[in-house]
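Each chain is listed here by its residues.
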Amino acid sequence: MSRGATYVRKEIVSKGVGFGSALAIAISFTTHQSVLWAIIHGFFSWFYVIYYVLTR
């Protein structure tokens, strides 16, 4: 594997994790109006987003 491909893969994973956390925080704060829950759900990121989609 070339060095450039490794960099691109790390960049994609990094952006995906950040987007998942931001999405979870936005959904959580909109739903619960609580900063504490938003931080907790941001930590779980994609797990919370998937849970929210499946239960709503």
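A few points on the structure. Along each chain, residue indices are assigned from 1 in the same order as the chain's sequence is written. Only residues with pLDDT of 70 or above have their local features reported here, since the model is predicted, and side-chain atom pairs are shown and tallied only from 80 upward, although totals for entire chains, interfaces and linings are computed over all residues. Hydrogens and water molecules were not included; the side-chain quantities draw on all heavy atoms of the structure.

### Points about a nonpolar patch on the surface
Stage number 1. Where nonpolar side chains cluster on the molecular surface, the patch consists of Leu 36, Trp 37, Ile 40, Phe 43, Phe 44 and Phe 47 and spans about 730 Å² of accessible area.
Stage number 2. With 5 residues, helix α2 (residues 35–44) is the largest single contributor of residues to the nonpolar patch.
Stage number 3. Under the scheme used here, helices are H or I runs from DSSP no shorter than 4 residues and strands are E runs no shorter than 2 residues, and both carry numbers assigned from the N terminus. Tracing the backbone shows Phe 44 in helix α2.
Stage number 4. Categorising residues by exposure relies on relative accessible area from a 1.4 Å probe, with only protein chains included: less than 20% of the type maximum marks a residue as buried, more than 50% marks it as exposed, and the intermediate range marks it as partly exposed. Looking at Phe 44, the relative accessible area reads 43%, which means it is partly exposed. In this scheme, patches are assembled from residues that exceed 30% relative accessible area and form no salt bridge. Like charges are connected within 9 Å, while nonpolar side chains (Val, Leu, Ile, Met, Phe, Trp, Tyr) are connected within 5 Å. Each accessible area is a Shrake-Rupley result for a 1.4 Å probe, and residues are judged covered by the shown protein chains and nothing else. Salt bridges, as used here, are contacts in which a Lys or Arg side-chain nitrogen is within 4 Å of a carboxyl oxygen on Asp or Glu.

### Considerations on the packing of aromatic side chains
Stage number 1. Between 30 and 60 degrees the pair is tilted, below 30 it is stacked and above 60 it is edge-to-face, where a pair is any two Phe, Tyr or Trp rings, Trp via its six-membered ring, whose centres lie within 6.5 Å. Going through the model one piece at a time under the given rule, you end up with 4 aromatic pairs.
Stage number 2. With 6.0 Å between their ring centres and 45° between their planes, Phe 19 and Trp 46 make a pair best called tilted. Of this pair, Phe 19 sits in helix α1 (residues 3–32) while Trp 46 sits in helix α3 (residues 46–55), and the two are 27 residues apart along the sequence.
Stage number 3. Looking at Phe 19, the relative accessible area reads 49%, which means it is partly exposed.
Stage number 4. Ring plane angle 75° and centroid distance 5.4 Å describe the contact between Phe 43 and Phe 44, whose orientation is recorded as edge-to-face.
Stage number 5. For Phe 43, a relative accessible area of 67% translates into the label exposed.

### Observations concerning the side chain of Ser 21
Stage number 1. Relative to the helices and strands, Ser 21 is located in helix α1.
Stage number 2. The definition of a polar contact used here is a pair of N or O atoms within 3.5 Å, where within protein one atom must be able to donate a hydrogen and the other to accept one, and adjacent residues in sequence count solely through side-chain atom pairs. Here Gly 42 takes part through its backbone oxygen, which lies 3.3 Å from a polar atom of the side chain of Ser 21.
Stage number 3. Here, residues are in contact when the closest pair of their heavy atoms is within 4.5 Å. In this structure, Ser 21 is in contact with Gly 42 and Ser 45, ignoring residues within four places of it in sequence.

### Focus on α2
Stage number 1. Inspection of α2 places Ala 38, His 41 and Gly 42 among the buried residues, and these make up the whole buried set. Seen end-on, α2 carries its buried residues on one side only, within an arc spanning 105°. Those residues of α2 that are exposed and angled more than 90 degrees off the buried face are Leu 36, Ile 39 and Phe 43.
Stage number 2. N-capping of α2 is provided by Ser 34, with a side-chain oxygen placed 3.4 Å from the backbone N of Leu 36.
Stage number 3. Immediately downstream of α2, the backbone of Ser 45 shows phi near 35°, a positive value. Throughout, the arc means the angular range of directions from the helix axis out to the C-beta atoms.

Don't take any of this as a statement about function, it's just geometry.
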